[in-house]
Amino acid sequence: MKKNWNGFAKKSIQERLEFVKSQALTSMEAQESLEQNENLSIAVADQLSENVVGTFSLPYSVVPEVLVNGQEYTVPYVTEEPSVVAAASFASKIIKRAGGFTAQVHQRQMIGQVALYQVPDRDKACQAILSQKAELLEQANQAYPSIVKRGGGARGLTVEKISGDADFLVVYLHVDTQEAMGANMLNTMLEALKPSLEALSQGQSLMGILSNYATDSLVTATCRIAFRYLSRQKDEARELAEKMVLASQFAQADPYRAATHNKGIFNGIDALLIATGNDWRAIEAGAHAYASHDGVYRGLSRWTMDLETEELIGEMTMPMPVATKGGSIGLNPRVVLSNELLGHPSAKELAQIIVSIGLAQNFAALKALVSTGIQHGHMKLQAKSLALLAGATEAEVPKLVESLIAEKTFNLEKAQTLLKKFRS
Ligand code: NDP
């Protein structure tokens, strides 16, 4: 039987491992891998990158009780930033009680582009290319037949005249990449199309490459949180909701705030992308481009209120072309473990969990910002980091943290001085 996660944060690492084991979330092998803290071997690392001289570790945590479309997930998080896991856990718990997230994948295709230049007549070239659309799609599929066998493949082809300092004719290829992110698939297909596109346009091809602005892979997560979950006091709960809506409007109106608002969302999204072996640079690039899709950089999430039902409503849409196959996914034991913890989701299911966790992270940040302020929660963890940096042992950390917090303002120098005092 599933146990209650209450108090998980206060347990020792050994107790947490035992608790996770009791939840029967993974296979015996995966649990062993977790208990032995198995990581990427240097031999595999050497296959993944170049000039390898070692590997690099980060904390691996779990955020429990993330309810998405009626299914509860234990979400793996890789982050070194204090407070992020605590905030996501707090938010997920409240949102679960309020009914959880509803998430939807609108479409799941990747877009790649071939940029043509020195095209003598762009309108004529456009017509020539579109008249050969079926043949070009077939050519793309022949360049990567295995994805067709898996049920995917090239689905659409569009052409646009783009002008800046130079004139381009850009051909966009839309591909169903199934469970992969599809960078190599797209790039292979686009390379294969270049000679035909040059012949049809009578121009030159500059490059053929996947676009990370994955507007054919949009995912939306929403949640509705009754005011009563925000505070026991009715007035305070309503005021909190109002202020969170205002905070959301602020992030829509001011790009300086929007950047930080979105950074907070990525505290959660990146943590899960890294844990599942996904290319977080690719997802970040696409999401930040999407944040300015109407010409102004805005917050990715929006919070509104339904005064009749007395609910705070969160909604976030962004491109989320994540993968469960390909890249380094099967090679890193931590990533294999993450997929087990999540119950082996499909790429679509994983995308829904990721956007939901981003919204949870945003909920926690906004709630803290408009009430106690963000520093309140950060202080203790900041003091802990400083204590460790100052060289405190495990036994010395609690006393040093307590003394630092009593100082109200503190830094590394203060931590070092206090530690010296304790030891003398
Ligand atoms: P891969 O090149 O690894 O291709 C996907 C692999 O997964 C293929 O070998 C495919 O096998 C296999 N696979 C197994 N099952 C499935 C399935 N059900 N659906 C789909 N594929 C399956 O990965 P991607 O092409 O996705 O590329 C991702 C990598 O590319 C990342 O590491 C990323 O960092 C990098 N990259 C990113 C760029 C960008 O974002 N702009 C640019 C260049 C690289 P089979 O071949 O047999 O079909």
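Reading the values: the criteria
- Residues numbered from 1 in each chain as written.
- Predicted model: local features only at pLDDT ≥ 70, side-chain atom pairs only at ≥ 80, totals over all residues.
- Heavy atoms only, no water.
- Helix = DSSP H or I, 4+ residues; strand = E, 2+ residues; numbered from the N terminus.
- Contact = heavy atoms within 4.5 Å.
- Areas by Shrake-Rupley, 256 points an atom, 1.4 Å probe, with all protein chains shown as cover.
- Lys, Arg positive; Asp, Glu negative; His and termini not counted.
- Charge placed at Lys NZ, Arg CZ, Asp CG, Glu CD.
- Domains from an automatic or database assignment.
- Buried area = accessible area lost by both parts, 1.4 Å probe.
- Salt bridge = Lys/Arg side-chain N within 4 Å of Asp/Glu carboxyl O.
- Core = buried A, V, L, I, M, F, W, Y, C linked by side-chain atoms within 4.5 Å.
- Buried < 20%, exposed > 50% of the residue type's maximum accessible area, 1.4 Å probe, protein only.
- Arc of directions from axis to C-beta.
- Phe/Tyr/Trp six-rings, centres within 6.5 Å; stacked < 30°, edge-to-face > 60°.
- Lys NZ or Arg CZ within 6 Å of the ring centre and 35° of its normal.
- Near = heavy atom within 4 Å.
- Polar contact = N/O pair within 3.5 Å; in protein donor to acceptor, adjacent residues only side chain to side chain.
- Nonpolar A, V, L, I, M, F, W, Y, C, P; charged D, E, K, R; others polar.

Glancing now at the overall build of the protein. A tally of regular secondary structure across the protein gives 16 helices and ten strands. Over its C-alpha atoms, taken along the principal directions, the protein stretches across nearly 80 × 55 × 50 Å. Long-range pairs, those at least 24 residues apart, make up 70% of the contacts in the protein between residues at least 6 apart in sequence. Counting every atom, the protein has about 21,600 Å² of accessible surface; 52% of that belongs to carbon and sulfur. For the protein, the separation between the mean place of its 41 positive charges and that of its 45 negative charges on side chains is 7 Å.

What follows concerns the domain arrangement of the protein. Domain parsing of the protein yields domain 1 (55-105 + 219-370), domain 2 (110-211) and domain 3 (376-423). Here domain 1 and domain 2 have C-alpha centroids that lie 34 Å from each other. Facing eight residues of domain 1, the contacting portion of domain 2 comprises five residues. Summed over both sides, the interface of domain 1 with domain 2 buries roughly 490 Å², with 61% coming from carbon and sulfur. Across the contact surface, domain 1 and domain 2 share zero salt bridges.

This part covers the nonpolar core. Counting 57 residues, the largest nonpolar core has Val 75, Met 320 and Phe 363 as the members making the most contacts within it. Val 75 has contacts with Ser 61, Val 62, Val 63, Val 66, Leu 272, Leu 342, Ile 353 and Ile 357, leaving out every residue within four places of it along the chain. Listed in part, the 32 residues of the second largest apolar core include Leu 190, Leu 193, Ala 282 and Ala 323.

Moving on to helix α6 (residues 133-143). Where α6 is concerned, the buried positions are Leu 136, Leu 137, Ala 140 and Asn 141. Buried residues along α6 cover an arc of 140° about the axis, so they all sit on one side. Relative to its buried face, α6 has exposed residues pointing more than 90 degrees away, namely Ala 134 and Gln 142. Buried residues in α6 make contact with α5 (122-131), α7 (145-149), β5 (153-163), β6 (167-176) and α8 (183-201).

Glancing now at the packing of aromatic side chains. Using the criterion set out here, one finds four aromatic pairs in the structure. Ring geometry for Trp 5 and Phe 8: centres 4.8 Å apart, planes at 70°, overall edge-to-face. Considering the side-chain rings of Phe 8 and Phe 19, the 5.6 Å spacing of their centres and the 55° angle between planes classify their relative orientation as tilted. Of the two residues, Phe 8 sits in the segment before α1 (13-22) while Phe 19 sits in helix α1, which places them eleven residues apart along the sequence. Judged by its relative accessible area of 8%, Phe 19 falls in the buried class. Taken together, Trp 5, Phe 8 and Phe 19 form an aromatic cluster joined through their ring pairs. Above the plane of the ring of Trp 280 lies Arg 281, whose end atom (NZ or CZ) is 4.4 Å from the centre. Here the basic side chain of Arg 334 rests over the ring of Tyr 60, its NZ or CZ set 4.7 Å away from the ring centre.

Once that is clear, we can look at the pattern of salt bridges. One pass over the full model with this rule turns up 15 salt bridges. The salt bridge involving Glu 65 is made with Lys 96; its shortest N-O contact spans 2.9 Å. A residue pair is termed long-range when its members are at least 10 positions apart, and Glu 65 in strand β1 (residues 60-68) and Lys 96 in helix α4 (residues 84-97) qualify at 31 residues. A salt bridge links Asp 167 to Arg 122; its shortest N-O distance comes to 3.8 Å. One end of the pair, Asp 167, is in strand β6; the other, Arg 122, is in helix α5, with 45 residues separating them in the sequence. Judged by relative accessible area, Arg 122 falls into the buried class, the value being 18%.

What follows is about the site of the ligand. Around the ligand there are 20 residues in total, and Ser 146, Gly 182, Asn 184, Asp 279 and Gly 327 lie nearest to it. Met 181 is positioned such that a nitrogen or oxygen atom in its backbone is 3.1 Å from an oxygen atom of the ligand. Within the contact set of the ligand, an oxygen atom lies 2.9 Å away from a side-chain nitrogen or oxygen of Asn 212. Among the elements of the structure, α7 and α8 are those that each provide at least two residues to the shell around the ligand. No other element matches α8, which puts three residues into the shell around the ligand. Considered class by class, the residues forming the shell around the ligand number eight nonpolar, eight polar and four charged. Here the shell around the ligand spans two domains, since at least three of its residues come from each of domain 1 (55-105 + 219-370) and domain 2 (110-211).

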